[in-house]
Amino acid sequence: MSFEIKKIGVVGSGQMGNGIAHVCAKAGYDVFMLDSNADAAKDGLVKIDHNMEREVSRGQFDAAAKAKALARITAGTNYKDFKDCQLVIEAATEDETIKKAILTELVAVLPADALIASNTSSISITRLGAHTDRPGKFVGMHFMNPVPRMELVEIIRGIATDEDTYAIIRELAVKLGKTPVNAEDFPAFIVNRILLPMINEAIYTLYEGVGSVVSIDTAMKLGTHHPMGPLELADFIGLDTCLAVMHVLHEGLADTKYRPCPLLVKYVEAGWLGRKSGRGFYDYSGDEPVPTR
Ligand code: NAD
């Protein structure tokens with residue numbers, strides 16, 4: 001295999017997109033990060049600077065290396081800046097219509113031999129790949145949040161993904177300092193197939209009044225040694241993403257056990273998306289998160 005990746009494109013500059021750009025630049029790749037929202041693209045760069053600085057202050061990153069890594073990243077709204085990328089990783093909002101529209105724009109500018117990976121939490125890699133002109137060069141690369149800190153990347157082969165594509169992406173995950181795990185192309189793959197029903201059940205537990213936000217999170221932290229309670233974790237992931245994953249599980253596996261909790265639906269309808277919107281199961285407007293129920 002003589003395919004060399006030098007420049008990586010990232011679509012979406014939210015919490016996952018900026019994290020992916022961060023680890024790619026740190027590993028020596030040039031990066032272009034695109035967002036449809038120009039302010040979000042700028043905010044993504046600020047966030048990377050802030051997160052890299054934190055690594056410097058903890059002694060995990062040298063200040064000179066940080067400056068070099070940051071200089072490797074550009075951000076903007078123009079797809080033409082993907083034209084010299086060997087790989088683009090799509091990390092935009094978890095919505096199949098949005099992702100398909102992005103793929104249409106992407107294939108129009110990408111070199112014919114460039115690979116495309118999606119960081120989707122749940123959507124079929126086969127279906128997304130079939131929407132491109134290169135299903136063989138399309139693969140799932142599911143990073144965990146926060147990307148710079150979490151060790152795992154799930155690699156998902158669609159039915160048409162070439163063996164070379166899979167091998168290149170697996171090798172890239174290792175170069176980024178991550179541990180790749182293979183997951184087959186079933187709704188929500190491995191981690192979210194297990195994690196999201198647990199979070200959804202925690203929301204049902206709150207909805208039915210079995211416990212308050214604090215009792216549910218404390219019970220799961222102290223009772224099962226989870227580092228975060230499930231409601232705190234839901235806020236951290238983003239309630240819109242949690243709901244989108246539950247919908248994919250419910251529809252994809254056609255089993256009522258995956259029915260999204262109505263309280264989760266209501267929170268998303270209210271725009272209470274968790275940390276990123278300032279309110280979810282906790283209110284983040286003050287110095288410390290305050291439980292809302
Ligand atoms: P986010 O809401 O923080 O960011 C999404 C970004 O996508 C926003 O900046 C938005 O402006 C941008 N966007 C929306 N439509 C776009 C378009 N048409 N073109 C370009 N950019 C567009 O969401 P996130 O948490 O970063 O999630 C992104 C992806 O990563 C989703 O597929 C999600 O399922 C997946 N993911 C999320 C987590 C998590 O814990 N949040 C973990 C693993 C994977």
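Residues numbered from 1 in each chain as written. Predicted model: local features only at pLDDT ≥ 70, side-chain atom pairs only at ≥ 80, totals over all residues. Heavy atoms only, no water.

(A) Representation of the overall build of the chain within the structure. Summing up its helical and strand segments, the chain has 11 helices and 10 strands in all. Taken over the C-alpha trace, the chain has a radius of gyration of 19 Å; the compact-globule value for 293 residues is 19 Å, and the two agree within 12%. In the chain, which comprises 293 residues, the proportion classed as buried is 48%. Here the analysis covers contacts within the chain between residues at least 6 apart in sequence; of these, 65% occur between residues at least 24 apart. (Helix = DSSP H or I, 4+ residues; strand = E, 2+ residues; numbered from the N terminus. Rg over C-alpha atoms; globule rule 2.2 N^0.38 Å. Buried < 20%, exposed > 50% of the residue type's maximum accessible area, 1.4 Å probe, protein only. Contact = heavy atoms within 4.5 Å.)

(B) Fine view of the domain arrangement of the chain. For the chain, the domain assignment lists domain 1 (7-183) and domain 2 (192-291). Here the C-alpha centre of domain 2 lies 26 Å away from the C-alpha centre of domain 1. Facing 8 residues of domain 1, the contacting portion of domain 2 comprises 7 residues. Interface of domain 1 and domain 2: buried area, both sides summed, is about 670 Å²; carbon and sulfur atoms make up 56% of it. Across the domain 1-domain 2 interface, the total number found is 3 residue pairs in polar contact (both at pLDDT 80 or more). Partitioned by chemical class, the residues of the side of domain 1 that touches domain 2 number 2 nonpolar, 5 polar and 1 charged. (Domains from an automatic or database assignment. Buried area = accessible area lost by both parts, 1.4 Å probe. Polar contact = N/O pair within 3.5 Å; in protein donor to acceptor, adjacent residues only side chain to side chain. Nonpolar A, V, L, I, M, F, W, Y, C, P; charged D, E, K, R; others polar.)

(C) Region of the structure containing the site of the ligand. The local shell around the ligand holds 25 residues, among which Asp 35, Glu 94, Lys 99, Ser 121 and Ile 237 are the closest. One nitrogen or oxygen atom from the side chain of Gln 15 is found 3.1 Å from an oxygen atom belonging to the ligand. One of the side-chain nitrogen or oxygen atoms of Ser 121 is found 2.6 Å away from an oxygen atom of the ligand. When the free accessible area of the ligand is taken as 830 Å², the share hidden by the protein chains comes to 86%. Of all elements in the fold, only helix H1 (15-26), helix H4 (96-109) and strand S6 (138-143) reach the threshold of two or more residues within the shell around the ligand. With 3 residues, H4 is the largest single contributor of residues to the shell around the ligand. Looking at which domains feed residues into the shell around the ligand, each of domain 1 (7-183) and domain 2 (192-291) gives three or more. (Near = heavy atom within 4 Å. Areas by Shrake-Rupley, 256 points an atom, 1.4 Å probe, with all protein chains shown as cover.)

(D) Looking closely at the sheet that holds S6. The 8 strands lie next to each other as S3-S2-S1-S4-S5-S6-S7-S8, forming an open sheet whose pairing is mixed. For this open sheet the edge positions go to strand S3 (73-76) and strand S8 (179-183), each flanked by a neighbour on one side alone. Each neighbouring strand pair of the sheet contributes to a mean axis angle of 25°, computed without reference to strand direction. Of the strand pairs in this sheet, strand S7 (residues 152-157) and S8 are connected by 5 bridges, and their pairing is parallel. In the sheet register, Leu 152 faces S8, and the bridge partner there is Thr 179. Sitting on the sheet, H1 is in contact with strand S1 (7-11), strand S2 (30-34), S3, strand S4 (87-90) and S6, with an inclination near 170° to S2. Packed onto the sheet, helix H2 (residues 38-57) meets S2 and S3 and runs at close to 150° relative to S3. (Pairing = 2+ DSSP bridges. Axes fitted to C-alpha atoms, helices over the stretch in contact; angles between N-to-C directions.)

(E) The packing of helix H7 (residues 191-207) against helix H10 (residues 239-253), seen in detail. Two numbers describe how H7 lies on H10: the axes approach to 10 Å, and their chain directions differ by 110°. The angle between the axes of H7 and H10 places the two elements in the roughly perpendicular class. In this structure, H7 meets H10 at a crossing whose hand is left-handed. Residue-level contacts link Asn 192, Arg 193, Leu 196, Pro 197 and Asn 200 of H7 to Cys 242, Val 245, Met 246, Leu 249 and Leu 253 of H10. (Parallel < 35°, antiparallel > 145°, perpendicular 65-115°, else oblique. Left-handed = near helix turned anticlockwise from the far one by under 90°.)

(F) Broad picture of the side chain of Ser 121. Within the secondary structure, Ser 121 sits in the loop between strand S5 (115-118) and helix H5 (125-130). Judged by its relative accessible area of 12%, Ser 121 falls in the buried class. Excluding residues within four positions of it along the chain, Ser 121 makes contact with Glu 94, His 142, Ala 188, Phe 189, Asn 192, Thr 241 and Val 245.

(G) Summary view of the packing of aromatic side chains. For the coordinates displayed, the defined rule picks out 6 aromatic pairs. Note that Arg 279 overlies the ring of Trp 272, its terminal NZ or CZ placed 3.9 Å from the centroid. (Phe/Tyr/Trp six-rings, centres within 6.5 Å; stacked < 30°, edge-to-face > 60°. Lys NZ or Arg CZ within 6 Å of the ring centre and 35° of its normal.)

(H) Geometry of unusual backbone geometry. With an omega of 0°, the peptide bond between Asn 145 and Pro 146 qualifies as cis. In this structure, Pro 146 sits in the loop between S6 and S7. One non-glycine residue, His 225, lies in the positive phi region at around 60°. Tracing the backbone through its elements, the reader meets His 225 in the loop between helix H8 (213-224) and helix H9 (230-237).

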